[in-house]
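# Structural overview
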Amino acid sequence: MYRSAMRRAAVLTAIALAAAGLAGCGSGSKGQAQSGPVALTWWGWNAFDNVQAIKEFEAANPQIKVTYKQYAYNDYVTALRPGLSSDKGPDVFQVQPGDLTTNFGPLAVPVEDHAAKDLGKDWASSFNPDGLSQLQLDQKQVALPAYMSAAGLVYYNKKILDQYGLGVPADFDQWKKVCATLKARNVKCLAHGAKDAWVNTDVYLSLINSIAPGKVYDAIAGKASWTDPEFVTAMSAWSELFTSGIIPAGATAATEYPDAQTTFLEDKAAFIALGTWNTPATMTKTGQVDAQKTVTKKIDGLFLSAPFPAPVTGDQPTRLFGGPDNGYAVSAKSSKQDAAFKFLEFLTAGDGQKIQAAGGNIPAITSVKVATTDVIDPSQVADIERQQQSLTSLIGPRQIPYSDLSTALGDALSAVAAGTSSPEDALKKVESASKSVSR
Amino acid sequence: MATQAQPEIVVSTPPPESPGKGRRPLALSDYLWAMPALILVVGVIHAGIAANVFYSLFDWSGVGSPTDFVGGANYSKLLQDPVFWQASRNTLAFAVATVAIQLTLGLALAILVRTKVRLRGLLRTLVFVPVVLAPAVVATSFRILLTPDGGVNHLLQGLGLSGFDQAWLADPKTAFGAIILINVWQYTGYSFLIYDAAIGQIDRSVLEAARIDGATTWQLSRTVVAPMLRGSHLVLIVLGFVSSLKMFDLVFLTTGGGPGTTTQVLTGYIYRQVIAQFHAGYGAALSIVLVLAALVFSILQVRLSTSESR
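Residues numbered from 1 in each chain as written. Chains lettered and ligands numbered in written order. Predicted model: local features only at pLDDT ≥ 70, side-chain atom pairs only at ≥ 80, totals over all residues.

Right, let's get into helix H12 (residues 256-265) of chain A. Given 3.6 residues per helical turn, the α-helix brings residues three or four places apart onto the same face. All names here are of chain A. Of all 10 residues making up H12, eight are buried, and the element is well covered by its neighbours. Buried positions along H12 lie against strand S7 (153-157), strand S8 (188-191), helix H9 (197-211), strand S9 (269-272) and helix H14 (285-292). Directly beyond the C-terminal end of H12, a positive phi value near 65° is found at Asp 267. (Buried ≥ 20, exposed ≤ 12 C-beta atoms within 10 Å, placed from the backbone. Helix = DSSP H or I, 4+ residues; strand = E, 2+ residues; numbered from the N terminus. Contact = placed C-beta atoms within 7 Å.)

All names here are of chain A. What the four strands build is an open sheet, ordered S8-S9-S7-S10; its pairing is mixed. Each edge of the open sheet carries a strand with a single partner, namely S8 and strand S10 (303-307). Across the sheet, the axes of successive neighbouring strands diverge by a mean angle of 25°, strand direction being ignored. Summarising the sheet, S8 and S9 pair through three bridges and their orientation is parallel. Along S9, the bridge assignment pairs Leu 190 with Phe 271. (Pairing = 2+ DSSP bridges. Axes fitted to C-alpha atoms, helices over the stretch in contact; angles between N-to-C directions.)

All right, on to helix H15 (residues 337-349) of chain A then. Taking 1.5 Å per residue, 13 residues should reach 18 Å; H15(A) reaches 17 Å between its end C-alpha atoms and fits that length. Every buried residue of H15(A) is listed here: Ala339(A), Ala340(A), Phe341(A), Lys342(A), Phe343(A), Leu344(A), Glu345(A), Phe346(A), Leu347(A), Thr348(A) and Ala349(A). (Expected span 1.5 Å × (residues − 1).)

Here we come to the interface of chain B and chain A. Taken together, the contact pairs 28 residues of chain B with 33 residues of chain A. Counting only elements with at least two residues in the side of chain B that touches chain A, the list comes to helix H1 (28-33), helix H2 (35-55) and helix H13 (266-276) of chain B. Here the side of chain B that touches chain A is built from residues that sort into 16 nonpolar, 12 polar and no charged. (Nonpolar A, V, L, I, M, F, W, Y, C, P; charged D, E, K, R; others polar.)

To continue, consider the domain arrangement of chain A. Interface size is commonly expressed as the accessible surface area that is lost when the partners come together. By the assigned domains, chain A splits into domain 1 (38-147 + 323-358) and domain 2 (153-319 + 402-436). Averaged C-alpha coordinates put domain 1 of chain A and domain 2 of chain A at centres separated by 31 Å. (Domains from an automatic or database assignment.)

Attention shifts here to the pairing of strand S2 (residues 64-70) of chain A. Residue and element names in this part refer to chain A. Pairing of strand S1 (residues 38-44) with S2 involves seven bridges; the strand directions are parallel. Counterpart to Trp 42 in the pairing with S2 is Tyr 68. Crossover S1 to S2 through helix H2 (residues 50-60) is right-handed. (Right-handed = clockwise from strand over helix to strand, strands pointing away.)

Looking now at the nonpolar core. Nonpolar side chains in soluble globular proteins generally cluster together in the buried interior. With 178 residues, the main nonpolar core has Trp238(A), Phe271(A), Ile272(A) and Phe343(A) as its most contacted residues. With 13 residues, the single largest contributor to this core is helix H8 (residues 175-201) of chain B. When residues of this core are assigned to domains, at least three fall in each of domain 1 (38-147 + 323-358) and domain 2 (153-319 + 402-436) of chain A. Apart from residues no more than four positions distant in its own chain, Phe271(A) is found in contact with Val154(A), Tyr155(A), Tyr156(A), Cys189(A), Leu190(A) and Ala191(A). (Core = buried A, V, L, I, M, F, W, Y, C linked by C-beta atoms within 7 Å.)

All right, on to the packing of helix H18 (residues 403-418) of chain A against helix H19 (residues 423-436) of chain A then. Two measures define how a pair of helices packs: the angle their axes make with one another and the distance between the axes. All names here are of chain A. Interaxial distance between H18 and H19 falls to 9 Å at its minimum, and their mutual angle equals 170°. Considered as vectors, H18 and H19 are oriented roughly antiparallel to each other. On H19, the residues that touch Asp 404, Leu 405, Ala 408, Leu 409, Ala 412, Ala 415 and Val 416 of H18 are Pro 423, Ala 426, Leu 427, Lys 429, Val 430, Ala 433, Ser 434 and Ser 436. Of the residues contributing to the contact of H18 with H19, the split by class is 11 nonpolar, two polar and two charged. (Parallel < 35°, antiparallel > 145°, perpendicular 65-115°, else oblique.)

Our next topic: the confidence of the model for chain A. Reading predicted coordinates in detail is not appropriate for stretches of low pLDDT. Residues and elements named next belong to chain A. Within chain A, residue pLDDT values average 90, and 92% of them lie at 70 or more. In the predicted structure, residues 1-6 sits below a pLDDT of 50 and forms zero contacts with residues beyond four places in sequence or in another chain. In the model, residues 8-34 has pLDDT below 50 throughout and makes 16 contacts with residues more than four positions away in sequence or in other chains. (pLDDT = per-residue confidence, 0-100.)

Our next topic: the packing of helix H11 (residues 229-243) of chain A against H19(A). Residues and elements named next belong to chain A. At a minimum axis distance of 9 Å, the contact between H11 and H19 shows a crossing angle of 120°. Between H11 and H19, the interaxial angle falls into the category oblique. In this structure, H11 crosses over H19, and the sense of that crossing is right-handed. Here Phe 231, Val 232, Met 235, Ser 236 and Ser 239 of H11 come into contact with H19, specifically with Pro 423, Glu 424, Ala 426 and Leu 427. Residues belonging to the contact of H11 with H19 are distributed by class as follows: six nonpolar, two polar and one charged. (Left-handed = near helix turned anticlockwise from the far one by under 90°.)

It is worth spelling out unusual backbone geometry at this point. For the peptide bond that leads from Tyr257(A) to Pro258(A), omega is 5°, which places it in the cis range. For the bond running from Gly258(B) to Pro259(B), omega is -5°, close enough to zero to count as cis. Position of Pro259(B) relative to the elements: it lies in the loop between helix H12 (249-254) and H13. At Asn186(A), a residue that is not glycine, the phi angle is positive and equals roughly 70°. Mapped onto the secondary structure, Asn186(A) falls in the loop between helix H8 (172-184) and S8. Since 8 C-beta atoms lie within 10 Å of it, Asn186(A) is described here as exposed. A positive phi angle is found at Asp267(A), which is not glycine, with a value near 65°. Within the element layout of this structure, Asp267(A) appears in the loop between H12 and S9.

In C-alpha cells:
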C-alpha cells in the first residue's frame, strides 16, 4: 500500500512539475478579442521624453493606450530579435541608422502607404532628406526619424577656458598648446571614453572629413582604399591625440558615458567630442536637470560647441556628419498596425516633434525649429541655431552600415590608441575587412 | 604509542547483486521522478546546445529564421580568425594563471588559519567576503580604483612608489594582468574555503606524528598536507578551468576586451559576434567550440572524481 501511494505521488508530482514547466514555456492566451482601448507596446533604449510623448498622444487619442518599455541598448538588441519574430513583441520600436535598420528593417512595415494616406502624398517633403534616406532599406522607408543629430563637434567648458585665458582651438597645433596649459593647471583636456568604438569612430570621421572631405564614404562603399595616404594621415592624427596629451592617459579603459561625460560636466576636463545630442544636457535648463542626476558635483560650467579642430594646420575643420539620431518603426507582427502608425506619425511628424524641439533636440521635420527659450545662457542660442542650420548640409552619415567594417575600424582605432598597432598596420586590417564585406 | 580508536566511516554500499534477485525492475514511476530535472537539463541545456549546432551551419544574423545554409563554413572560418585564436589564448592564459595563483594562495591561507589561532575567524571572513560579492560590483569598483587617478595609484604614490603609476586597465601591457589579479582577489576565498574544510578532515594523528618526527611547518605543508589534499586540488583545478571558460562579466565590464582585442576572451568574442556584429551563426559555431572545451573538462572531472573515490 505504501509503495502504491509513493508511486501515485511520484506520478502526480512529476506530472504537476512537468505541466508547470511546460506552462512556463507556453504562449499563454492568444487571440483575445480586443475590447475597450487599443493597447500598444513601444520598445526603445533612449526614447526621448517618452512620458510626455505618451501623455500628449493619449490625450489626443483616448482610445489608444501606450506602454513604453525601456531597455539598456545591448539588452534591447537581444530582446528585439525574438520580439519582432513573435506576437509578444513591440508594436512600435526604436531603430538607428546602420546595423539596426539593416537587420531589423525587414521586420518592419514600410511606412509609405500609411504616411501617404495619413499625412498626404507629399509627406516626405516635410522631413530632413537625410533623416529619411538613412532609414531606408531596399528603397523602402522602414522607419521615420525621431530627431536629427550630427557629430564633428567638440563641446567645451567656456568657464574653464576663460579662467586660464584660453581660446577655442581651430587646429591641433593650437589645441596642444591649450592642453599643455590646462595640464599645468591639473585640468584634463579632451575627456574621451576610448573603450567605446562608436565615439572613436566619430572622432576618426571628424579627422578624415577634415583631411579629405567625403572620401571616407567612398571607402565605406568600397570605392576607395582604407590604406590611402589620407586615411593614414587621419589615423596618425588619431594616435597623436593620445601621444600629445590632448586625450589624457587611461582613456582606453574609460567609457564615453558615464566616465568621460562625468569628467566633462564636473569641470575636470575642458573638452568632449560629442555631437548635437549633447546639447540638451549641456545647454538647456531642463536637460541639465536630468544631467545633474548623473553627477555628484553641481554642474556650473558654461558649455558651448565648436567644430572639431582640424588635424592639419590650415585645413578646414570637418563639416558635420550624421542624420537621424534614431527613428521608430512599426512591427510587421503587430496586430494593431493602424493604431501603431497613428502613434508613429505622432512621434515623427506630429506633436512629438515639438516635444523634441522643446527639449533641445533638432526635429526631423524641418519646419519645426528647435526651442532656444530654455537655454542656460543667452550665448548658447546662436550655437543651437547654428547646429540646426548645419544639419541641413551634412557631409555624410555617422554610422557605417556594415557591421564587420565598423567593428574592424573600431578595433583598429582602439589598437592605435593603445599603441599596439601602427596606423598603417591597423588600416591594412580595416581594408582587409572592407574587402570581405558584401555590399 | 597507543593507537586511539577512530570513528568508523560508514559508507552505504549496495547489496551484492544476484541475477534475478534483490532488485525489482524499474517502473514508469521511477523514471517520472527524474522528469523535472530531465526537462530542465534536456529542455534547456541540451536542446540549447543542439540548437546552437543547427544554427552554426547557417550564415544567420539572429533575426528571423535562418535560411542561408553554409555547412561547416563557420567552423573553417574560425580556424583562420586571428581574434578567435587570441581570445582562446587569453582564455587559456587566464585559466592557468588564476587557477595557479588562487590554489597557491588559498592553500597558504588555509594552512595559516589552521596554524595561527589568533584572529582566525576574522581572517576567514575577510578572505571569503569577496566571493559573495557580485562580479558587476567588483568589476565596477576596480575599474574606478585602477584609473590613472584612482585609489591604487594614490596608494602607490603614498608609499613613495610614484614610478609604478599606471593606467592599469588602459595599458595593454598591464590590462590583462590586472584582470587576472581582480579575479584572484575575488575568488581566492573559494579555494581557501575548500582547502580549509579539507584540512579539517585530515586525521590529526598524522600531523602530530609528523611533528614528533621533527617536521617543520613548511615540510608538514609540502610533504604531508598538500599530498593529502589531492582531491581538493583536482576539484579546484577542474572547476577553475571550467569557470575560466565562462569568464565574461569581469572582462566585459573592465576593458570590454580592449585595448584593441588584447584582453578579449572567448565568451566576450561570442557576445560581440552575436550582438554587435549580427553574426549569430558564426557565434553559434564559436559557442560549440567553447562547449567542446567545457566537455573535455567535464569528462576529466568525472574521471578524476571516479578514480579518487576508488
